[in-house]
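# Working through the structure, step by step
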Amino acid sequence: MAHAGSQHDLLLGALHCEKFLACSRQKLWWMHPTWGSLAAEVPEETQFMLVKLAPAAGASDEGPRYALLLPLISGPFRACLKASPLPGRLSLRIETGDEAVRAASIPSILFVSVGTDPFTLLKEGFAAVSDRLKTFRVREAKTLPPSIDQFGWCTWDAFYSSVNGPGILEGVRTLSEGGVPPRTLIIDDGWQDATLEDGMDQSVLALSASPPSFFSPVVLAARTAAKIALAWPVGVVMRLAQWYYETKVQSAEHDSVHITLWRFAATTFFKAPLMSKFADTMDYPRRLRSIEAAPRFLKTLNAESDFGSFVTSLKKDHGIKLVYCWHALTGYWSGVHPASSSITKRNLETRSVRPSPMPGILRVEPQLSWDPITLREVAIPEVERVGELYDNLYAYLRSCNVDGVKVDAQAAVTMLGSQSGGSAFTTSKFVRAMERSVTEHFGPENHCINCMCHPTECLYSYQDTAVARASDDFYPRDKASHATHLANVAYNSLFIGEVVQPDWDMFQSKHPAAMLHAVARAVGGCALYVSDKPGVHDFSVLRRLVLPDGSVLRACLPGRPTRDTLFLDVTSDARSALKIWNRNACGGLLAAFNIQGSVWDKVTRQNRMSGVEPNVPARLKPRDVEGLVRSPEDWFAVWATQWSPAGDLISSTLAILSADDALEITLRSKESCIASFARIHEARTRSGEQVKWAALGLEEMLNGGGAILAEATAQLSDGSVGAKMRLRGQGTMLLYCDKRPMRVFINGEKATFSWEGGRSILRVPYDCGTEAHCDLLVA
């Protein structure tokens, strides 16, 4: 760069590609995928980009080539990609967010790599970036928390911020009585003692005392108009304002006159009624008043109003193994109450910081200018002392027998560095202090879920924590979001899945989109938890995901889109299915979804239905599962089940496929299909008879292949051939077996079985009981 500055736009040159996938921020907190082929289509705030390169003239036919572009964090600077104003050109925005933090030379700010395998490119690329930056470790180097392997229940969509003791007990009880006992409990927002700041009506809700100087004459007139307006019926004024916002502002471009006018109004004469409305309807303006749980919450727990004894009872009497509690990275949404006696007695001194969103995210989300968090100041400890906040909070939680935390609203900290070293510097201080305190108080198993954390300032600071949410929330009442949620978690997982284990969020089992999301969680390799209201459950869905002991059959890897769908717009191209692959210990897993018909609208900045919901074809191939095919001579048995949106089984199919064959299906709107791929083993008896078999998995489960821990072919002492497997769980083990077996043993005891000769399907009922596994022998 020619001069020292806090912000630079670096022209990278022309983009020549066949297609690209860009993961960019759709909100302050979250990313989503965009597909395209032109530089002009690259969104603002692109943090990850995978490019399918156009074939070079005269190049040998060695298959597609891909490029990976990763804007990085370099000291106090963060970077993102965007379209350049010059036609066909790509730019790199480099910024600190603090005018006082400047530089003319910024090293290690963009990583670029080229290869022929996109998944290898991702894995090796992130490993190289981790080694270079030394600010984060890759997922494979981290310890995953035990919570991801057991069924969980989160209180959020069941109660929102009105969570209470009787409701928690009822939710745990009804799930357990239905045969799917939760083992992890997440007590979400609502347990903390948070309040509006004392005197808010006079101070925070007052007209701005320091408006921009060039608006001063207008502000004086506005204040006069505001006084007159107060004499009008308040309802009329607010309805007019709501009409203007919904018809003009909500879908306006970031630099339009409507956005400019509303931003001015929201920060001057409309600030008071807006903040009053926010205070009445939202928790965002509230601040943490005490480290301890809220008196309102405590009174609902037990006669002693004791959080610790309540948590202990959940574990002792109700089968809960792990309890996590929610909090924001800043303590609560708007920080820590600066005048609270409970806070000051712990020497948790705070300072008020006015959030300052950077230009790129304001172009993406203009609403940040009048967000309830940004309309007022956020009260936080000094950056160097923020660890004391977490130490106090976590020490209290640990004393109450709580095992871990869900740390939310992390991206808010990226707006708080304008006078303390910039976004990257401030965020890293908060995240590292939080991680250190998590380990110190909850142990080395990484009992932490990172949430609302998609800025790279957060992601590239995770040295230890190993789980992070992969997308915006599952919104039960927002129909348009239910399909785009799946696209977001799958494509975002390509990126964040190299840093953490992606968390695909909770869903509700008794819901029109439940089966779609159940199949997604089965293939996602993610934690499985729901947020059902107590007593409102669909156990036919849950029992296909949860074993009777409360454990789950989690696939081994983060679920990611298949190679042939990486660059397809699976939400709105009217022809493509979303396909997601994963691996089990002894086989492959592949799911396909028809999620056409809803999109994230960048103009209105919300999910919307497109009205186009066609049937789409899907080809399920062994090669879709990366690393599954070892040789062109491999053959696989495939068990595929297709599901309606209502949870009805449409079909179950056993197919025998070569390495290059495909099972072809058609999916109607919001239908899904999940398939287990099992390698076919061949062996010969001493008499020369050939036997073929493949272990497919638990028939009753969506990811039944996850029940198979090991498999092998063995020659038995009597000259026959045996198929040996180590299993977990209980139910009906499904195998492909081309000849009827003579005998079947479980843990050495003779077992019953049935053989369907027409399809060569062997079914063996089994139950490992309280044991971690059991051994199955088919001979």
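Coordinates for the structure precede this section.
Notes on the structure in this doc start here. (Residues numbered from 1 in each chain as written. Predicted model: local features only at pLDDT ≥ 70, side-chain atom pairs only at ≥ 80, totals over all residues. Heavy atoms only, no water.)

## Topic: the overall build of the chain
The helix and strand tally for the chain stands at 18 helices and 41 strands. For a compact globule of 779 residues, the expected C-alpha radius of gyration is about 28 Å, and the chain comes in at 28 Å, within 12% of that figure. Viewed in the frame of its principal axes, the chain has a C-alpha envelope of about 100 × 80 × 50 Å. Evaluated residue by residue, the chain yields a buried proportion of 60% over its 779 residues. Long-range pairs, those at least 24 residues apart, make up 74% of the contacts in the chain with a sequence separation of at least 6. Just so you have it, the chain exposes about 29,800 Å², and 52% of that area is on carbon and sulfur atoms. (Helix = DSSP H or I, 4+ residues; strand = E, 2+ residues; numbered from the N terminus. Rg over C-alpha atoms; globule rule 2.2 N^0.38 Å. Buried < 20%, exposed > 50% of the residue type's maximum accessible area, 1.4 Å probe, protein only. Contact = heavy atoms within 4.5 Å. Areas by Shrake-Rupley, 256 points an atom, 1.4 Å probe, with all protein chains shown as cover.)

## Let's talk about the pairing of strand 12 (residues 192-195)
Alternating positions in strand 12 separate into two faces, Gln192 and Ala194 on one and Asp193 and Thr195 on the other, with burial throughout. Bridge analysis of strand 12 against strand 13 (residues 287-293) gives four bridges, and the strand direction is antiparallel. Within the sheet, the bridge partner assigned to aspartate 193 lies in strand 13 and is serine 290. (Pairing = 2+ DSSP bridges.)

## Overview of the sheet that holds strand 29 (residues 649-658)
Strands pair in a sheet through their backbones, by hydrogen bonds, and they do so in one of two ways: parallel or antiparallel. In spatial order, the strands read 22-23-24-31-28-29; together these six strands make up an open sheet with antiparallel pairing. With partners counted over all chains shown, the strands left at the sheet margins are strand 22 (560-561) and strand 29, one partner each. In the sheet, strand 28 (residues 635-643) pairs with strand 31 (residues 672-679) via eight bridges, with the strands oriented antiparallel. For glutamine 642, the partnering residue across the bridge sits in strand 31 and is cysteine 673. Of the strands in this sheet, strand 23 (578-584), strand 24 (587-593), strand 28 and strand 31 touch helix 17 (residues 514-524), which is tilted by about 150° from strand 24. (Axes fitted to C-alpha atoms, helices over the stretch in contact; angles between N-to-C directions.)

## Re the state of the cysteines
If you walk through the whole model with that rule in mind, you get one disulfide. In this model, cysteine 768 is linked to cysteine 774 through a disulfide, with the two sulfur atoms separated by 2.3 Å. Torsion about the S-S bond of the cysteine 768 and cysteine 774 cystine: about -60°, corresponding to left-handed handedness. Across the pair, cysteine 774 and cysteine 768 agree in class, each one buried. There is no disulfide at cysteine 80, and the cysteine sulfur nearest it, in cysteine 23, is 14 Å away. A residue is classified by how much of its surface remains accessible, and cysteine 80, at 1% relative accessible area, is buried. (Disulfide = S-S within 2.5 Å.)

These results come straight from atomic positions and should not be treated as a statement about function.
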